[in-house]
Protein chains: 2
Amino acid sequence: MRKLKVAAVQMRMNTEPEENIGHAEALVREAAADGARLVLLPELFAYPYFCKDKDRSLLSLAAPAKNHPALARFADLARALGVVLPISFFERAGENCFNSLAALDADGATRGIYRKAHIPEGPGYEEKFYFTPGDTPFEPVATAAGKIGALVCWDQWFPEPARLLALHGAELLLYPSAIGSEPQAPELDSSGHWRRVMQGHAAANVMPVVAANRVGEERGRDASVTFYGSSFIADHTGAIVAEADRESETIIAAEFDLDAVARARREWGVFRDRRPELYRDLAVIDAGN
Amino acid sequence: MRKLKVAAVQMRMNTEPEENIGHAEALVREAAADGARLVLLPELFAYPYFCKDKDRSLLSLAAPAKNHPALARFADLARALGVVLPISFFERAGENCFNSLAALDADGATRGIYRKAHIPEGPGYEEKFYFTPGDTPFEPVATAAGKIGALVCWDQWFPEPARLLALHGAELLLYPSAIGSEPQAPELDSSGHWRRVMQGHAAANVMPVVAANRVGEERGRDASVTFYGSSFIADHTGAIVAEADRESETIIAAEFDLDAVARARREWGVFRDRRPELYRDLAVIDAGN
């Protein structure tokens with residue numbers, strides 16, 4: 001038996017990185033005090049969601065992983081609390097900026113850095129302006145909380161990275177997020193769609209999924225977005241076992257036995273029955289529609 | 001605007017193929033009378049679910065597509081009613097037997113034959129004993145009801161065929177099914193898991209999904225299965241818009257505007273943002289877990 005309690009933090013951000021980071025730390029401490037051994041914070045939690053606008057000056061927010069102040073601070077926190085912390089941050093690497101995630105293990109070591117592969121672009125979510133599409137493979141990271149498959153926000157809409165992480169040995173899928181209203185379509189609420197696509201990844205890959213989103217309205221120059229929260233944890237059948245509302249700052253948590261989940265995954269037989277020789281078109285851009 | 005009403009038939013089978021076929025025909029007529037232009041019947045509806053047992057003599061049930069009596073009859077029915085009928089049948093082709101699906105268009109023509117690619121094997125579902133894994137590509141078929149992506153039962157557990165059909169131009173995913181209790185694990189009810197994985201395909205590929213399952217207990221020599229119905233239709237966000245219970249013979253239906261769905265699919269941007277160069281391991285058997 002390998003029991004693991006995981007938590008997702010749903011929080012509101014303001015314009016002061018130091019305040020956001022301090023607030024995030026307080027919430028991580030609270031989740032750890034409640035027994036969580038892995039705590040997932042939302043995407044880019046140190047900042048307001050700056051991609052609402054295309055503002056070149058904001059590129060200066062990015063910093064290299066090796067001297068990123070938030071990473072050093074959360075590494076200390078991970079070690080002090082003995083928790084695994086996947087930390088979303090704005091990474092500079094030479095002339096590129098990436099929307100990255102550092103896997104900080106329970107001993108404070110950085111086990112891996114993943115760079116968001118799927119980059120959205122649209123009113124309110126101008127990410128292609130800021131981020132080079134990631135160049136890192138979809139590889140899970142072995143941590144004190146099992147082999148974690150951590151992706152970032154828009155990646156959640158794609159079956160491919162979830163499946164690749166599962167094929168490479170992930171035991172848990174994590175999605176730090178920043179999603180809410182659509183400035184160009186005020187009537188569109190994608191929250192149900194958003195949940196169902198990730199519940200599908202859990203169900204298809206027979207492993208839990210954790211999604212942590214932000215809440216609150218953030219007003220930009222070009223667009224304003226109201227983040228819809230709705231953070232959730234799904235079990236290995238895709239059923240939601242913990243969930244947050246659309247507005248509260250809150251922590252949700254659930255406990256899994258990773259050994260029991262692994263047995264269920266193997267015994268269900270879907271990986272045995274894949275037909276990779278028929279899947280080649282998944283790896284081409286234009287499959288001839 | 002391209003309005004399309006689709007229906008799924010949930011039915012009980014007995015041991016007499018002629019009776020099952022006649023019953024299926026009556027239900028198709030009822031669905032068509034109610035305005036459906038595509039009617040989905042369950043997997044292998046002409047027979048009891050014979051894969052409960054491993055019985056070599058049942059291989060004689062298979063027949064070539066070109067002189068399969070049920071296909072000729074349903075082709076006449078499709079033409080008479082002007083409906084599209086994806087017909088699941090047990091196909092013999094030389095020394096191979098396939099779990100196949102013929103796409104019968106509203107003019108009675110066979111537009112394509114798909115052979116189930118993903119074959120389950122386990123107590124109550126001994127399909128690897130009967131069926132050669134399919135050799136046909138995941139190609140949608142252009143019909144009077146749009147470009148349909150028709151798969152068969154266990155295929156529903158895999159994100160890959162759904163995605164490939166979408167990449168190849170499908171507008172609608174169809175899953176004739178035969179699934180229920182697990183003889184070796186009476187406490188296991190996979191119906192929610194089953195629905196969520198297909199809701200995920202709808203949500204990820206931004207297109208409706210139709211699943212038609214059988215109901216009723218079927219007693220075999222080695223195992224008995226109680227089929228759990230729960231047939232459903234999901235919209236392009238994965239939300240269930242029509243559903244059946246676990247026991248009734250019934251017809252469910254929903255109407256979609258395929259043009260509006262195509263706009264939603266394009267405007268959401270997920271196909272634009274795929275990263276095929278990172279997906280190569282999807283097409284290998286052992287990705288190195």
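Located above this text is the structure these notes cover.
Okay, so let's go over this structure. (Residues numbered from 1 in each chain as written. Chains lettered and ligands numbered in written order. Predicted model: local features only at pLDDT ≥ 70, side-chain atom pairs only at ≥ 80, totals over all residues. Heavy atoms only, no water.)

**Notes on unusual backbone geometry**
Then step 1. A positive phi angle is found at Leu44(A), which is not glycine, with a value near 50°.
Then step 2. Looking at the element boundaries, Leu44(A) is found in the loop between strand 2 (38-40) and helix 2 (69-81).
Then step 3. Using a relative accessible area of 1% as the deciding quantity, one classes Leu44(A) as buried.
Then step 4. Despite not being glycine, Ser230(B) shows a phi value in the positive range, around 65°.
Then step 5. Among the structural elements, Ser230(B) can be located in the loop between strand 11 (224-228) and strand 12 (232-234). (Helix = DSSP H or I, 4+ residues; strand = E, 2+ residues; numbered from the N terminus. Buried < 20%, exposed > 50% of the residue type's maximum accessible area, 1.4 Å probe, protein only.)

**Details of the relation of the copies chain A and chain B**
Then step 1. If you rotate chain A by 180° and push it 0.0 Å along the axis, it lands on chain B with an RMSD of 0.0 Å. Such a combination of rotation and displacement between the chain copies is what one expects of a two-fold axis. If distances are taken from each C-alpha of chain A to the rotation axis, the shortest is found for Gly200(A), at 1.9 Å.
Then step 2. When the interface residues of chain A are mapped onto chain B, 98% of them again lie at the interface, so the same face is used by both copies. (Least-squares fit on C-alpha atoms with pLDDT ≥ 70 in both. Contact = heavy atoms within 4.5 Å.)

**Some details on the state of the cysteines**
Residues and elements named next belong to chain A.
Then step 1. The final tally for this structure, using the stated rule, is 0 disulfides over all chains.
Then step 2. Here Cys 153 is not cross-linked by a disulfide; its sulfur's nearest cysteine counterpart is in Cys 51, at 9.7 Å.
Then step 3. In this structure Cys 153 comes out as buried when scored by relative accessible area, which is 6%. (Disulfide = S-S within 2.5 Å.)

**Looking at helix 1 (residues 17-33) of chain A**
Residue and element names in this part refer to chain A.
Then step 1. Taking 1.5 Å as the rise per residue, helix 1 with 17 residues should run 24 Å; its terminal C-alpha atoms sit 24 Å apart, in good agreement.
Then step 2. Residues of helix 1 that are buried include every one of Asn 20, Ile 21, Ala 24, Glu 25, Leu 27, Val 28, Ala 31 and Ala 32, and no others.
Then step 3. Those residues of helix 1 hidden inside the fold are in contact with strand 1 (3-12), strand 2, helix 2, strand 3 (85-93) and strand 14 (250-257).
Then step 4. Downstream of helix 1 by a residue or two, Gly 35 has a phi angle that is positive, lying close to 105°. (Expected span 1.5 Å × (residues − 1).)

**Focus: the packing of aromatic side chains**
Residue and element names in this part refer to chain A.
Then step 1. Tallying each qualifying case throughout the model produces 34 aromatic pairs over all chains.
Then step 2. Members of the aromatic cluster, joined through ring pairs, are Tyr 47, Phe 50, Phe 90, Phe 129, Tyr 130 and Phe 131.
Then step 3. Over the aromatic face of Phe 227 sits the side chain of Arg 214, whose NZ or CZ is 5.4 Å from the ring centroid. (Phe/Tyr/Trp six-rings, centres within 6.5 Å; stacked < 30°, edge-to-face > 60°. Lys NZ or Arg CZ within 6 Å of the ring centre and 35° of its normal.)

**Here's the deal with empty space enclosed by the protein**
Then step 1. Summed over all chains, the structure comprises 2 cavities of 30 Å³ or more.
Then step 2. Put simply, the largest cavity is a space of about 80 Å³.
Then step 3. Looking at the largest cavity, the residues that line it are Pro159(A), Val197(A), Gly200(A), His201(A), Ala204(A), Asn205(A), Pro159(B), Val197(B), Gly200(B), His201(B), Ala204(B) and Asn205(B).
Then step 4. Elements supplying a minimum of two residues to the lining of the largest cavity: helix 5 (191-205) of chain A together with helix 5 (191-205) of chain B.
Then step 5. Considering only residue class, the lining of the largest cavity consists of 6 nonpolar, 6 polar and no charged.
Then step 6. Taken as a whole, the second largest cavity spans an internal volume of roughly 40 Å³.
Then step 7. Taken together, Pro159(A), Glu160(A), Arg163(A), Leu282(A), Pro159(B), Glu160(B), Arg163(B) and Leu282(B) form the lining of the second largest cavity.
Then step 8. For the lining of the second largest cavity, the secondary-structure elements that each account for two or more residues are helix 4 (159-167) of chain A together with helix 4 (159-167) of chain B.
Then step 9. Taken together, the residues of the lining of the second largest cavity sort by class into 4 nonpolar, no polar and 4 charged. (1 Å grid on protein atoms, 1.4 Å probe; cavity = no way out; pocket = protein on both sides within 12 Å on 5 of 7 lines; lining within 4 Å. Points joined across faces, edges and corners; volume = space filled by probe spheres on them. Nonpolar A, V, L, I, M, F, W, Y, C, P; charged D, E, K, R; others polar.)

**Concerning the pattern of salt bridges**
Then step 1. Tallied over the full model, the rule gives 52 salt bridges over all chains.
Then step 2. For Arg115(A), the salt bridge goes to Asp135(A), with nearest N and O atoms at 3.3 Å. Remark: Asp135(A) occurs in the loop between helix 3 (127-130) and strand 6 (141-143) and Arg115(A) occurs in strand 5 (residues 110-115); sequence separation between them is 20 residues.
Then step 3. Overall, the relative accessible area of 48% leaves Asp135(A) in the partly exposed class.
Then step 4. One salt bridge connects Glu25(B) with Arg73(B), and the closest N-O pair in it is separated by 2.8 Å. Highlighted residues: Glu25(B) in helix 1 (residues 17-33) and Arg73(B) in helix 2 (residues 69-81), separated in sequence by 48 residues.
Then step 5. The exposure class of Glu25(B) is buried, given its relative accessible area of 14%.
Then step 6. Note on Arg73(B): relative accessible area 30%, which makes it partly exposed.
Then step 7. When salt bridges that share partners are traced, they join Glu18(A), Glu25(A), Arg29(A) and Arg73(A) into one network. (Salt bridge = Lys/Arg side-chain N within 4 Å of Asp/Glu carboxyl O.)

**Overview of the nonpolar core**
Then step 1. Of all hydrophobic cores here, the largest spans 204 residues; its most connected members are Phe74(A), Leu85(A), Phe74(B) and Leu85(B).
Then step 2. Not counting chain neighbours up to four residues away, the residues in contact with Leu85(B) comprise Val28(B), Val39(B), Phe74(B), Leu77(B), Ala78(B), Ala102(B), Ala103(B) and Leu104(B). (Core = buried A, V, L, I, M, F, W, Y, C linked by side-chain atoms within 4.5 Å.)

So yeah, pure geometry; function would need other evidence.
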